[in-house]
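Breakdown of the fold
One letter stands for each residue in the lines below.
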Amino acid sequence: MSLILAIESSCDETAAAVVKDGRTVLSNVISSQIETHKKFGGVVPEVASRKHLEAVNCVIDSAISDAGITLADLDYIAVTYAPGLVGALLVGVSAAKALSLALGIPLIGVHHIRGHICANFIDHADLTPPFVCLVASGGHSHIVYVADYTEFEVLGQTRDDAAGEAFDKVARVLGLGYPGGPKIDALAKEGNELAIPFKKVRFPGDSLDFSFSGIKTAVINYYHNIEQKGEVPNKADIAASFQKSVCEVMVDHLLEAAKLKGCHKVALAGGVACNSRLRAELDARSDGLMIYYPSPILCTDNAAMIGCCAYYEALASNFADMSLNAIPYLGIDLK
Ligand code: KG4
Ligand code: ZN
């Protein structure tokens, strides 16, 4: 049996979890900073680092006690070291290094996006690679071929905004607040998604890359044009039409990737994977494919997914040492 304490602090959630044998979560503690950042309309990196510092020790203590274990029972310490806000990552990395050194147990550095993908293993005991996965969050939008537990190939990614970023920016213009994804998801249910034909962006050829900045600008321009005419924009219709376009393009690319790789299994991951319209679109077009997505609490940032990913990194002997550092940008296929 292996017990991993995992720590996650890459953005605005301070999280710690204890994971047994890779897929069993004994505790999953998340301290969110959303209320703090709400008044700024987005995450303020400096503030995030300070909040992580305040929370990290308490969150780790809670994860250990919720799991009903002591620090002495742990076999490994895992931590997100890339990508993310560098000052935020550093808090988790420093705490993990200190624990690894003090307890004399191995340290495992985990890539945040790999962690998001691994969230699927926690909720789906039957899921094994290979499969293709759409990872869509506030900072990333990737189509990834998961060849094995520690082998990832990026088949497509955004060339500008991340999907979650587009949701957040559109929500801000509509005055819905931060984070925008859940607000747009809820408001869209009251709107007509065929009301405004926002175009889906497609790069020439077989590219599976995304672009979300064009549709974001189109929505913002549409909204301001209506206002300038002295009319009242129908926010629900705008939210629904925007969401339809973004979700359709993400599912188009995911299904094309599955075809390209001859995969019968497709998965969603990341905060945007909570989106009800995205899940419905994928379900409707599954056509015999096996579909996987994590429960909402494992879609947004958490440390359980980091612990799960770390288990497979440990099986592959991918350990870190005291030179582990925070890296703000790092490809999913790099170490
Ligand atoms: O994975 P995550 O917690 O953090 C990052 O790694 O970025 O994702 C946060 C993002 C935010 O942009 C948020 O608006 C989006 O996920 N999100 C959603 C939904 N729930 C969260 N986007 C669309 N629909 C949702 N229901
Ligand atoms: Zn994330």
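Anything mentioned here points back to the structure above.
Below is a short write-up of the structure.

Next up on the list: the coordination of the zinc ion (ligand 2). The zinc ion (ligand 2) binds to the protein through His-112 (NE2), His-116 (NE2) and Asp-301 (OD), with metal-donor distances spanning 2.0 to 2.1 Å. All donor residues of the zinc ion (ligand 2) come from one chain, and their arrangement in sequence is H-x3-H-x184-D. Of this pair, His-112 and His-116 both sit in helix H4 (residues 112-123), four residues apart, which is roughly one turn of the helix. Accessibility assignment for this pair places His-112 and His-116 in one class, buried.

Now for the sheet that holds strand E1 (residues 3-8). If you walk across this open sheet you meet the five strands as E3-E2-E1-E4-E5, and the pairing is mixed. The open sheet has two free edges, formed respectively by strand E3 (24-32) and strand E5 (107-111), since each of these has just one partner strand. Looking at each pair of strands side by side, their axes are set apart by 20° on average, direction ignored. Of the pairings in the sheet, the one linking strand E4 (residues 76-82) to E5 comprises five bridges and is parallel in character. When the sheet's bridge partners are listed, Ala-82 is paired in E5 with His-111. Across the sheet, H4 is in contact with E1, E3, E4 and E5; its angle to E5 comes to roughly 95°. Sheet strands in contact with helix H11 (residues 304-315) are E1, strand E2 (13-20), E3, E4 and E5, and its direction is about 125° off that of E1.

Okay, the site of ligand 1 next. Around ligand 1, 20 residues are found, and the nearest of them are Gly-138, Asp-168, Gly-181, Asp-185 and Asn-275. With respect to ligand 1, the backbone of Gly-138 contributes an N or O atom lying 2.8 Å from an oxygen atom. At a separation of 3.4 Å, an oxygen atom of ligand 1 approaches a polar backbone atom of Gly-139. Summarising the interface, the protein chains cover 90% of the accessible area of ligand 1, which totals 560 Å² for the free molecule. Secondary-structure elements contributing two or more residues to the shell around ligand 1 are H4, helix H5 (163-173) and helix H6 (180-188). Each residue belonging to the shell around ligand 1 can be placed in one class, and the counts come to six nonpolar, eleven polar and three charged.

Here is what the cut-offs are and how they apply
- Counting restarts for each chain, with residues numbered from 1 along the sequence as it is written.
- Chain letters and ligand numbers both follow the written order, the letters beginning at A and the numbers at 1.
- This being a predicted model, a pLDDT of at least 70 is required before a residue's local features are given, and a value of 80 or more before pairs of side-chain atoms are given or counted; all residues contribute to the totals for chains, interfaces and linings.
- Side-chain measures here rest on the full set of heavy atoms in the structure, leaving out hydrogens and waters.
- Counted as coordinating are nitrogen, oxygen and sulfur atoms within 2.8 Å of the metal, or 3.2 Å for Na, K and Ca, while water is not included, which may make sites look incomplete.
- For helices the rule is a DSSP run of H or I covering at least 4 residues; for strands it is a run of E covering at least 2, with both sets numbered from the N terminus onward.
- The rule is simple: take the accessible area with a 1.4 Å probe, protein chains only, and divide by the maximum for that residue type; under 20% is buried, over 50% is exposed, in between is partly exposed.
- For two strands to be treated as a pair, DSSP must find no fewer than two bridges joining them.
- Convention adopted: a line fitted to C-alpha atoms gives each axis, helices being fitted over their contacting stretch, and angles between N-to-C directions are expressed from 0 to 180 degrees.
- We call two residues in contact when some of their heavy atoms are within 4.5 Å.
- Residue proximity to a molecule or strand is established when one non-hydrogen atom of the residue lies within 4 Å of it.
- Any N or O atom pair separated by 3.5 Å or less is treated as a polar contact, with the protein-specific requirement of one donor-capable and one acceptor-capable atom, and with residues adjacent in sequence counted only for side-chain atom pairs.
- Here the Shrake-Rupley method, with its probe set to 1.4 Å, supplies the accessible areas, and only the displayed protein chains count as covering residues.
- By the convention adopted, Pro, Cys, Tyr, Trp, Phe, Met, Ile, Leu, Val and Ala count as nonpolar, Lys, Arg, Asp and Glu as charged, and the other residues, Gly among them, as polar.

Coordinates in, geometry out; function isn't part of it.
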